Amino acid sequence: METFELNITNAATAGISLADIEKLQPEADRALQTVLEATGAGNDFLGWVNLPTETINSDLVNKITSVANVLRAECQAVVCIGIGGSYLGAKAVIEALKNQFAPTTPEILFAGHNIGEDYLAELMDYLADKRFGIIVISKSGTTTEPAIAFRLLRNLLEQKVGREEAAKLTVAVTDAKRGALRSLATDEGYATFVIDDNVGGRFSVLSPVGLLPIAVAGFNIRALLQGAADMQAACAKPGNPAQLYAMTRNALYRNGKKTEILVNYNPKLHFFAEWWKQLYGESEGKDHKGIFPAAVDNSTDLHSMGQWIQDGERTIFETVISVEQQQRSVIIPNDPQNLDGLNFIAGKSVDHVNKMAEIGTRLAHIDGGVPNLRIAISEISEYNLGQLIYFFEIACGISGYMLGVNPFNQPGVEDYKRNMFALLAKPGYEAETAAIQGRL
């Protein structure tokens, strides 16, 4: 396994010591066993545990690659339609690996993750003169946001190329046997992949949900899966790094640290943090419990959130993802006039300056009473992202069980939907419509 390092710094400022963290080892061992043996609450959603080593076999990878190659050959753009875990994992990996100022070939676009009218109108305008394909991801096919986007984009595609050709450019990732999208895919002859019933959306990036868009973008899904598989092996026994992370964050939470800030010093990891926020927020925010997951992109956010982190309420801790090597090197030139006063760093790489900003910030925050966890990876690559994904997933399961919640359900997500459907007068919601109109 390539470089993957987890360090804990300054826990004492939170009123705990390393000994206090280590006391949680038996609890963490039970939680790990609960995950691996599928004996706890939500055990019918633990199919993600063995995705990298069993479920996603060579034949399935070959099929994903084959379908991806068709879209790559036929399309200038491919729209990935999904919400929550159905798009965040793929977007996190693609944005981390791609050139930040050039689209992939084909360009990967996302829809169905909002109900923005201008967003959808502008997307359709953008696609009007492009040959595009669709990857639609939904177990049911009736989730409001992706269903609206798919109806609009399917209609646009069929108008452009005809119904038969549109079917060749559409791939559905959905339930194996039931649901509106499965029925439509069968009727229209779409290529399809299955979302297994035991894999929840936020744990699905290492399934066809994430692997297909990542492959269409041109990245190595086998390397991604290998990184995840190696991390799975490393976390199969007690005393692993995922347990240490879960133990530390629970020890801090129990001592008043209610917010965890995921920090990166590489802008390519912005959407990885968005994926992480959903993973932990939706998994742990139950029964009026849970660490609030936040994120910052440094050094950018040191000029906006840095003051609060340094001097605000001491209810926070930070987890820093540190990337040791960059893909490119840019050297700061000497300037004879030196009007900006930067000649003292002339001849040094931009990343050297960034690393000093990272170290300096961590020291300042530690001095300010912010406990720090640091996760180091050698570089941003498919392999290392696979490691990080699996690390955070299994740590999330362990941490959720230590917290005393079911990490694999999301009962609170349904509350807004009931109100929205009532306000829209959806058939079957007549009583709710009358009740909510009375409230208004």
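Here is a short report on the structure shown in this document. Owing to the predicted nature of the structure, the values given are computational and were not obtained by experimental measurement. (Residues numbered from 1 in each chain as written. Predicted model: local features only at pLDDT ≥ 70, side-chain atom pairs only at ≥ 80, totals over all residues. Heavy atoms only, no water.)

Comments concerning the overall build of the protein
Counting its secondary structure elements, the protein contains 18 helices and ten strands. The C-alpha atoms of the protein give 23 Å as radius of gyration, which agrees with the globular expectation for 440 residues (22 Å, within 12%). Projected onto the principal axes, the alpha-carbon positions of the protein cover approximately 60 × 60 × 50 Å. Counting across all 440 residues of the protein, residues that qualify as buried make up 51%. (Helix = DSSP H or I, 4+ residues; strand = E, 2+ residues; numbered from the N terminus. Rg over C-alpha atoms; globule rule 2.2 N^0.38 Å. Buried < 20%, exposed > 50% of the residue type's maximum accessible area, 1.4 Å probe, protein only.)

Details of the pairing of strand β9 (residues 316-323)
Of all eight residues in β9, eight are buried, a share of seventy percent or more. Taking every second residue as pointing to the same face, both faces of β9 are buried, with I316, E318, V320 and S322 on one and F317, T319, I321 and V323 on the other. Looking at chain direction, strand β7 (residues 259-264) and β9 are connected through six bridges and run parallel. Within β9, the position partnered with V263 by the bridge is V320. Relative to strand β10 (residues 372-377), β9 is paired through six bridges, and the arrangement is parallel. Directly across from S322, in β10, lies its bridge partner A376. (Pairing = 2+ DSSP bridges.)

Structural notes on the sheet that holds strand β3 (residues 107-111)
Hydrogen bonding along the main chain pairs the strands of a sheet, whether they run parallel or antiparallel. Strand order in the open sheet formed by five strands is β3-β2-β4-β5-β6, with parallel pairing between adjacent strands. Single-partner strands in this sheet number two, and they are β3 and β6 (191-194). Taking the axes of each pair of neighbouring strands and ignoring which way they run, one obtains an average angle of 20 degrees across the sheet. By the bridge criterion, four bridges tie strand β4 (residues 132-137) to strand β5 (residues 170-174) in an arrangement that is parallel. Following the sheet pairing, I137 is matched in β5 by V173. Helix α5 (residues 85-97) contacts β2 (77-81), β3 and β4 of the sheet and is inclined by roughly 150 degrees relative to β3. Of the strands in this sheet, β2, β3 and β4 are in contact with helix α6 (residues 117-127), which crosses β3 at around 150 degrees. (Axes fitted to C-alpha atoms, helices over the stretch in contact; angles between N-to-C directions. Contact = heavy atoms within 4.5 Å.)

What to know about the nonpolar core
Generally speaking, nonpolar side chains in soluble globular proteins are found buried as a group. In terms of nonpolar packing, the biggest core is built from 117 residues, with W48, L212, F272, W275 and F392 touching the most fellow members. In terms of residue count, the dominant contributor to this core is helix α16 (residues 382-403) (13 residues). Setting aside residues no more than four positions away along its own chain, F392 makes contact with Y245, L262, F272, W275, W276, L279, Y280, I321 and I375. With nine residues, the next largest nonpolar core counts Y265, I309, V320 and V370 among its residues. (Core = buried A, V, L, I, M, F, W, Y, C linked by side-chain atoms within 4.5 Å.)

Some remarks on the packing of helix α2 (residues 25-37) against helix α12 (residues 241-254)
Pairs of packed helices are described in terms of their axes, by the angle between the two and the distance that separates them. Their axes nearest at 10 Å, the elements α2 and α12 cross at an angle of 125 degrees. Here α2 lies oblique to α12, going by the angle between them. Helix-helix and strand crossings are classified by hand; for α2 and α12 the assignment is right-handed. Here Q25, E27, A28, D29 and L32 of α2 lie close against α12, whose contacting residues are Q243, M247 and R254. Here the contact of α2 with α12 is composed, by residue class, of three nonpolar, two polar and three charged. (Parallel < 35°, antiparallel > 145°, perpendicular 65-115°, else oblique. Left-handed = near helix turned anticlockwise from the far one by under 90°. Nonpolar A, V, L, I, M, F, W, Y, C, P; charged D, E, K, R; others polar.)

Here we look at the state of the cysteines
By the definition in use, this model includes zero disulfides. Looking at C235, it has no disulfide partner, and the nearest cysteine sulfur is the one in C396, 13 Å off. Judged by relative accessible area, which is 1%, C235 ranks as buried. Residue classification places C396 among the buried positions, given a relative accessible area of 0%. (Disulfide = S-S within 2.5 Å.)

Concerning unusual backbone geometry
Each neighbour pair has its own omega, and for T105 with P106 the value is 0 degrees, a cis peptide bond. By the secondary structure assignment, P106 is in the loop between α5 and β3. Despite not being glycine, H288 has its phi angle at roughly 60 degrees, a positive value. Within the secondary structure layout, H288 lies in the loop between α13 (270-284) and β8 (292-297).

Here we look at the packing of helix α17 (residues 413-423) against helix α18 (residues 430-439)
Contact geometry of α17 with α18 gives a least axis separation of 8 Å together with a crossing angle of 90 degrees. Classified by the angle between their axes, α17 and α18 sit roughly perpendicular to one another. Here α17 contributes N419, F421, A422 and L423 to the contact with α18, which in turn contributes E432, T433 and I436.

Overview of the packing of aromatic side chains
The description of an aromatic ring pair rests on the distance of the ring centres and on the angle between the ring planes. Following the criterion strictly, the structure yields 16 aromatic pairs and no others. With centroids separated by 5.5 Å and ring planes inclined at 40 degrees, the aromatic side chains of Y245 and F391 adopt a geometry described as tilted. A residue pair is termed long-range when its members are at least 10 positions apart, and Y245 in helix α12 and F391 in helix α16 qualify at 146 residues. Take F391: its relative accessible area is 0%, and that puts it in the buried class. Among the aromatic residues, those joined into a ring-pair cluster are Y245, F272, W275, W276, Y280, F391 and F392. Its end group placed over the ring of Y126, K130 keeps NZ or CZ at 3.8 Å from the ring centre. (Phe/Tyr/Trp six-rings, centres within 6.5 Å; stacked < 30°, edge-to-face > 60°. Lys NZ or Arg CZ within 6 Å of the ring centre and 35° of its normal.)

Concerning α5
With 13 residues, α5 should cover 18 Å at 1.5 Å per step; its first-to-last C-alpha distance of 19 Å lies within 8% of that length. When you tally the buried positions in α5, you get twelve out of 13 residues, the bulk of the element. Every buried residue belonging to α5 is among G85, S86, Y87, L88, G89, A90, K91, A92, V93, I94, A96 and L97, and all of these are buried. (Expected span 1.5 Å × (residues − 1).)

Here's the deal with a nonpolar patch on the surface
A surface patch of nonpolar side chains, about 230 Å² in accessible area, is lined by I115, I148 and L152. Tracing the chain through its elements places I148 in helix α7 (residues 144-161). The class for I148 is partly exposed, based on a relative accessible area of 34%. (Patch = residues over 30% accessible without salt bridge, like charges linked within 9 Å, V, L, I, M, F, W, Y side chains within 5 Å. Areas by Shrake-Rupley, 256 points an atom, 1.4 Å probe, with all protein chains shown as cover. Salt bridge = Lys/Arg side-chain N within 4 Å of Asp/Glu carboxyl O.)

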